[in-house]
Amino acid sequence: MTKLIVDGKEIDVPAEYTLLQACEAAGAEIPRFCYHERLSIAGNCRMCLVEIKGGPKPVASCAWGVRDCRPGPNGEPPQISTRSPMVKKAREGVMEFLLINHPLDCPICDQGGECDLQDQAMGYGVDTSRFAENKRAVEDKYLGALVKTVMTRCIQCTRCVRFSAEVCGAPEMGAIGRGEDMEITTYLESALTSELQGNLVDICPVGALTSKPYAFAARPWELGKTQSIDVMDAVGSAIRVDTRGREVMRILPRVNEAVNEEWISDKTRHIVDGLRTQRLDRPYIREDGVLREASWPEAFAAIAAKVPQAESKRIGAIAGDLAAVEEMFALKELLSKLGSSNVAVQGGDAFDPAAGRASYIFNSTIAGIEQADALLIVGSNPRKEAAILNARIRKRWRTGQLKIGVIGESADLTYDHDYLGAGPESLADLAAGKNRFLGVLKGASNPIVLVGAGATSRRDGRAILAAAAKLAADVGALKEGWNGFAVLHDAASRVGALDLGFAPGKLGMNVAQMTEPGALDVLFSLGADEIEVPAGTFVVYIGTHGDAGAHRADVILPGAAYTEKTGIYVNTEGRVQMADRAGFPPGEAREDWAIIRALSDVLGKTLGYDSLAALRQAMFKVVPHLMRIDQIEAGDSRAVKNLAGKGGNIDKSPFKAAIDDYYLTNPIARASAVMAECSRLASGRMLTAAE
Amino acid sequence: MSVRRLAPKEKQPESFAFSAENLAWAKKQIAQYPAGRQASAAIAILWRAQEQQGGWIPEAAIRAVADLLDMPYIRMLEIATFYTMFQLQPVGKKAHIQVCGTTPCRLRGAEGILDVCKSRIHHEPFHLSKDGDFSWEEVECLGACVNAPMVLIWKDTYEDLTKENFGKVLDGFASGNPPKPGPQIDRQFSAPVGGPTTLNTAAAKGEGGRRASAQPALTDADAKKPTDSASRRESPTAKPPADDATRKGKT
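Residues numbered from 1 in each chain as written. Chains lettered and ligands numbered in written order. Predicted model: local features only at pLDDT ≥ 70, side-chain atom pairs only at ≥ 80, totals over all residues. Heavy atoms only, no water.

*Asks:* Looking at this structure, how should I read the overall build of chain A?
*Replies:* Across its full length, chain A holds 22 helices and 28 strands. Compactness check: chain A gives a C-alpha radius of gyration of 28 Å against a globular reference of 26 Å for 691 residues, within 12% of the reference. Each principal axis of the C-alpha distribution contributes one length, and for chain A these read about 90 × 60 × 50 Å. Across the 691 residues that make up chain A, the buried fraction comes to 60%. Taking as baseline every contact in chain A between residues at least 6 positions apart, the subset at least 24 positions apart corresponds to 70%. Of the roughly 27200 Å² of accessible surface on chain A, a fraction of 50% belongs to carbon and sulfur atoms. A distance of 3 Å separates the average location of the 79 positive side-chain charges in chain A from that of its 88 negative side-chain charges. (Helix = DSSP H or I, 4+ residues; strand = E, 2+ residues; numbered from the N terminus. Rg over C-alpha atoms; globule rule 2.2 N^0.38 Å. Buried < 20%, exposed > 50% of the residue type's maximum accessible area, 1.4 Å probe, protein only. Contact = heavy atoms within 4.5 Å. Areas by Shrake-Rupley, 256 points an atom, 1.4 Å probe, with all protein chains shown as cover. Lys, Arg positive; Asp, Glu negative; His and termini not counted. Charge placed at Lys NZ, Arg CZ, Asp CG, Glu CD.)

*Asks:* Please clarify how the overall build of chain B should be interpreted in this entry.
*Replies:* The number of helices and strands found in chain B is 8 helices and 5 strands. Counting from the amino terminus, chain B carries its helices and strands in the arrangement α-α-α-α-β-α-α-β-β-β-α-β-α. Within chain B, counting contacts between residues at least 6 apart in sequence, those at least 24 apart form 61% of the total. When the accessible area of chain B is evaluated, it comes to approximately 15400 Å², of which 55% is carbon and sulfur surface.

*Asks:* Got a minute to help me understand the sheet that holds strand S3 (residues 151–153) of chain B in this structure?
*Replies:* The strands that make up a sheet are held in pairs by hydrogen bonds between backbone atoms, and each pair lies either parallel or antiparallel. Residue and element names in this part refer to chain B. Strands sit in the order S2-S1-S3-S4-S5 across an open sheet of 5 strands; the sheet is mixed. Each end of this open sheet is capped by a strand with a single partner; those strands are strand S2 (134–139) and strand S5 (182–183). Relative to S3, strand S1 (residues 95–100) is paired through 3 bridges, and the arrangement is antiparallel. Across the sheet, the residue bridging to valine 99 is valine 151, located in S3. Contacts between helix H6 (residues 110–120) and the sheet are confined to S1, S2 and S3, with S1 contributing the most and set at about 155° to the helix. (Pairing = 2+ DSSP bridges. Axes fitted to C-alpha atoms, helices over the stretch in contact; angles between N-to-C directions.)

*Asks:* Can you walk me through the packing of helix H8 (residues 325–337) of chain A against helix H18 (residues 592–602) of chain A in this structure?
*Replies:* Residues and elements named next belong to chain A. For the pair H8 and H18, interaxial distance at closest approach is 8 Å and the crossing angle is 15°. The pairing of H8 with H18 is recorded here as roughly parallel in orientation. Pair H8 / H18 crosses with left-handed handedness. Contacts between H8 and H18 involve Glu327, Ala330, Leu331 and Leu334 from the former and Asp592, Trp593, Ile596, Leu599 and Ser600 from the latter. Counted by class, the contact of H8 with H18 contains 6 nonpolar, 1 polar and 2 charged residues. (Parallel < 35°, antiparallel > 145°, perpendicular 65-115°, else oblique. Left-handed = near helix turned anticlockwise from the far one by under 90°. Nonpolar A, V, L, I, M, F, W, Y, C, P; charged D, E, K, R; others polar.)

*Asks:* Any chance you could explain the environment of threonine 193 of chain A here in plain terms?
*Replies:* Residue and element names in this part refer to chain A. Mapping threonine 193 onto the fold places it in the loop between strand S8 (183–186) and helix H5 (199–203). The class of threonine 193 is partly exposed, set by a relative accessible area of 44%. Put simply, threonine 193 and cysteine 678 are 485 residues apart on the chain and 9.1 Å apart in space, counted from C-alpha to C-alpha. Residues contacting threonine 193, with those up to four places away along its chain left out, are Ala170, Glu172, Arg383 and Tyr663. Of the polar contacts made by the side chain of threonine 193, one reaches the side chain of glutamate 172; its length is 2.4 Å. (Polar contact = N/O pair within 3.5 Å; in protein donor to acceptor, adjacent residues only side chain to side chain.)

*Asks:* Sorry if this is basic, but what is going on with the packing of helix H1 (residues 20–31) of chain B against helix H2 (residues 42–52) of chain B here?
*Replies:* Angle between the axes and distance between the axes are the two parameters that describe a pair of packed helices. Residue and element names in this part refer to chain B. Viewed as axis vectors pointing N to C, H1 and H2 meet at an angle of 170°, and their least axial separation amounts to 10 Å. Considering the angle they form, H1 stands roughly antiparallel to H2. At the point where H1 passes H2, the crossing takes the right-handed sense. Contacts from Glu21, Asn22, Trp25, Ala26, Gln29 and Ile30 of H1 reach H2 at Ala44, Ile45, Arg48 and Gln52. Looking at side-chain class alone, the contact of H1 with H2 contains 5 nonpolar, 3 polar and 2 charged residues.

*Asks:* Just to check I follow, could you spell out the packing of aromatic side chains for this structure?
*Replies:* How two aromatic rings sit relative to each other is set out by the distance from centre to centre and by the angle between their planes. With the rule as written, the count across this model stands at 10 aromatic pairs over all chains. Both rings, one in tyrosine 187 of chain A and one in tyrosine 73 of chain B, keep their centres 5.3 Å apart while their planes meet at 50°; by these two values the pair is tilted. One end of the pair, tyrosine 187 of chain A, is in the loop between S8 and H5; the other, tyrosine 73 of chain B, is in helix H4 (residues 73–82), on a second chain. Given a relative accessible area of 9%, tyrosine 187 of chain A falls into the buried group. What makes tyrosine 73 of chain B partly exposed here is its relative accessible area of 30%. Taken together, a centroid distance of 6.4 Å and an interplanar angle of 80° make the contact between tyrosine 83 of chain B and phenylalanine 86 of chain B edge-to-face. Residue phenylalanine 86 of chain B is classed as buried on the basis of its relative accessible area of 0%. An aromatic cluster of three or more residues is present, and its members are Trp47, Phe82, Tyr83 and Phe86 of chain B. (Phe/Tyr/Trp six-rings, centres within 6.5 Å; stacked < 30°, edge-to-face > 60°.)

*Asks:* It is not clear to me how helix H4 (residues 159–168) of chain A should be interpreted in this structure. Could you clarify?
*Replies:* Helical periodicity: at 3.6 residues per turn, an α-helix aligns residues three or four positions apart in one direction. Residues and elements named next belong to chain A. Burial runs high along H4: 9 of the 10 residues are buried. Along H4, the residues classified as buried are Arg159, Cys160, Val161, Arg162, Phe163, Ser164, Glu166, Val167 and Cys168. The positive-phi residue at the C-terminal boundary of H4 is glycine 169, with phi of around 75°.

*Asks:* Help me understand the sheet that holds strand S13 (residues 284–287) of chain A, please; the structure alone is not making it clear to me.
*Replies:* Residue and element names in this part refer to chain A. With mixed pairing, the 7 strands of this open sheet are ordered in space as S14-S13-S26-S25-S24-S15-S16. Lying at the two open borders of the sheet, with one neighbouring strand each, are strand S14 (290–293) and strand S16 (343–345). In this sheet, neighbouring strand axes are inclined to one another by 20° on average, regardless of whether the strands run parallel or antiparallel. Pairing between strand S15 (residues 315–319) and strand S24 (residues 522–526): 5 bridges, direction parallel. The partner of alanine 319 across the bridge, within S24, is leucine 526.

*Asks:* Before we go on, may I ask you to explain the pairing of strand S25 (residues 538–543) of chain A in this structure?
*Replies:* Residues in a regular strand project their side chains so that they alternate between the two faces of the sheet. All names here are of chain A. Counting buried positions along S25 gives 6 out of 6 residues, so the element sits mostly inside the fold. On S25, burial covers both faces: Phe538, Val540 and Ile542 on one face and Val539, Tyr541 and Gly543 on the other are all buried. Alignment of S24 against S25, held across 4 bridges, turns out to be parallel. Counterpart to serine 525 in the pairing with S25 is tyrosine 541. Note: S25 against strand S26 (residues 555–558), 4 bridges, orientation parallel. Looking at the pairing, glycine 543 lines up with proline 558 of S26.

*Asks:* Please explain the interface of chain B and chain A as it appears in this structure.
*Replies:* Accessible area lost on assembly of the parts is the figure often given for the size of an interface. Taken residue by residue, the interface counts 18 residues in chain B and 18 residues in chain A. Buried area between chain B and chain A, both sides added, is near 1500 Å², and the carbon and sulfur share of it is 59%. The largest share of the area that chain B buries against chain A comes from Arg5, Ile74 and Phe82 of chain B, three residues that together contribute 34% of it. Ionic pairing is found between glutamate 139 of chain A and arginine 5 of chain B, a salt bridge with its closest N-O pair at 2.8 Å. Run the count over chain B and chain A and you get 7 residue pairs in polar contact (both at pLDDT 80 or more). Looking at the side of chain B that touches chain A, the elements with two or more residues in it are helix H3 (59–69) and H4 of chain B. Broken down by element, the residue count for the side of chain B that touches chain A peaks at 7 residues, all from H4 of chain B. (Buried area = accessible area lost by both parts, 1.4 Å probe. Salt bridge = Lys/Arg side-chain N within 4 Å of Asp/Glu carboxyl O.)

*Asks:* For this particular structure, what's the right way to read the pattern of salt bridges?
*Replies:* Working definition: two side chains of opposite charge can pair if their charged atoms are close together. All names here are of chain A. In the structure shown here, the tally under the stated rule is 57 salt bridges over all chains. The closest approach of N and O atoms between arginine 250 and glutamate 114, which form a salt bridge, is 2.9 Å. Of this pair, arginine 250 sits in strand S12 (residues 247–253) while glutamate 114 sits in the loop between helix H2 (85–100) and helix H3 (116–124), placing them 136 residues apart in sequence. Judged by relative accessible area, glutamate 114 falls into the partly exposed class, the value being 27%. Measuring nitrogen to oxygen at the nearest pair gives 3.0 Å for the salt bridge that ties arginine 282 to glutamate 293. Linking arginine 282 in the loop between helix H6 (266–270) and S13 with glutamate 293 in strand S14, this pair joins segments that are 11 residues apart in sequence. Taken together, the shared-partner salt bridges in this structure form one network comprising Arg38, Glu257, Glu261, Glu262, Glu370, Arg392 and Lys395.

In structure tokens:
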């Protein structure tokens, strides 16, 4: 630790701190453009100048180490001044230079109101310009479907260049030319390919990179802001939903160091238009093979006519990827009142909640990746299944302390890895010691065995999960203080469903069995769109979008999307998080739990709660850990050891990617025109229409 | 300097491949750096690519070099657009003339050289002459100020130019017989024009015996006589400050 005096206040900071960090530790605010906590230091904007006593000129505090400061003549600690007249004058000078070429188009700039330059110009700008010459103008660049550019506004902080190279792992952006003619662009203006490119908009301190889908849509000060949780993948990123009236205008990340740091993936950010289109806003009934609009009583009557005729064992419920815990709990209770235990969550067939929580969660936690020193990825492409988690893996890999092996489909994961094979055989070979990567896992102090949806969504998923658990146990991933058995789910609802026991148990049928021809008479589908329901089953679809599930449905009950209800979600690491309501569902749509409650009344099996609070009370009694928001109920590693003993027959076919098209994984994304355009770009078909 | 862009599509060759000899050379360059630091060879190899292509870098070459060095394309584009020594547009087949336009050359008549370029090649820089053999640009100081004005053609400098002898240089390149690089007037390198101007007395040349030559002149204006003592110092009397009390007429 080193002593420093900042603005007359003595502080003690680690010697490896930069002056900027030290000043912030002392409570001083340092303006900056190019410096970003999570990126490398560039030191090119010069806004963070401070004065070191005894120094001839101000220094850029972001790039000046605490250990580089010399003590005073009598050995007194170095004195830093962040508010002296010299600092103020220096920053004013920097600001004047920045504003020389920055256009005065704040009234038509989308960054207006949340612009670093605007804010800091209030503090350090002078009221008039002494620059009489022409301003620089820069051609706008095409960067794809999500990032709009107005490059004249660029102040060349190079944050975007560093972000794409360091965090995204797709070094596509660069600064061509030099000096005044420096321009930020991609190679020949090709579209960005990263799943994290939306963050470029947040990271740009000015209005040079703005959100293309959100262009000219709203001003930040007219938006209602709701803190919520993302459900596009199982990571559960912290988001802020910005609404105007009842319309969701945009989604921004919130900082959550344990989950998403401050990034969110493009799907999280840009499905906003999918929340408006293709919405189910009234009930529908299928009559003579055609869906017709209906009223709620009509829809309920149609269900009430059908359900009592069905044998209780031939009634089932499947929850989709976006279901919150509350509605699954209510649905499970309803089914059990109907005498059925046929409840299952999409993609959850491989997991058995009875085996214990550790057998289906990401035990090492996402933040724990930063302690890992060996990682084996089995049947997963984390870049597509959980782009944010992939960024965390890459962050750890960049420190040089993480060795990564991959079994499954070969893909560009943005980090170097040993490719060990395509299928379960490679896993068996590895476990048998036929690959030297076993030595890496065994030698590691914190190894992680990551099992993805590509492995667990197979029919033999249970056996593969057991084999992976066995490997984890064998390499010493299960020990005091570290559980390296990590299941990476690709759906937000799954861990919550398994926590609730929304799974068939011994007597019930799982998703595969329920979707076999002739298995069921009545199926309640809670937004399950990725299943194929055979003919002859009466399908009640409770969902939000006119997607595959709604097309197959016999009765459609319009529900609320994740921005339209408060709901608890449990992410892949088992973290319980609450999504909050930012608006109301459209038309006659209702919150899902309320639909199920009303339906239970119609069916004569009334559920015992009349409010969401009462439902939660009942739920917390059964599953108490759901009460502990933002916390992880740690799994017991004995569960993984038990799982390891299970074994089972494994098919030899290679793992297939769980996600074909990253941009189109759920009904909301499939309804989004922005996601469709991204998908088109990603599949290599360039849009013919010019930007 | 202005915004530098890659040549338009119609001027770009379809592909670029290093010749066997250049590729071997490039591999040797890469081998100079530790493993994983191959990108350090970027500028040298890109320069070689420019030489092979006849003085400019097509887009395909940027990709070829980036592939060779396992670098993202944008990084190589950054390098190619940053350094003005990399030409992004096709240059004259016979000569690309880089005219020094910095102060010493300007004072010595670089303006006239530029005029010749404008009239004989193209009125604008970076444009090919009608026959495609010549192009020109104005560059910053090339470090031959003693021989100003001067131009750089390929790897050689042509110095002490006048409108007339620069015309001859151009003629030489046009006819395929480039003149000898260096001063284009009667002058040895950057030695004084018309022969030596100092140390040319009999004494300096050592013709008066050892004693005489042992006393070099210290200042041009007040050279010491052979008889002066070595301890004689020329200390000019200090001038009074510009506006101080000793000035006459002031009380």
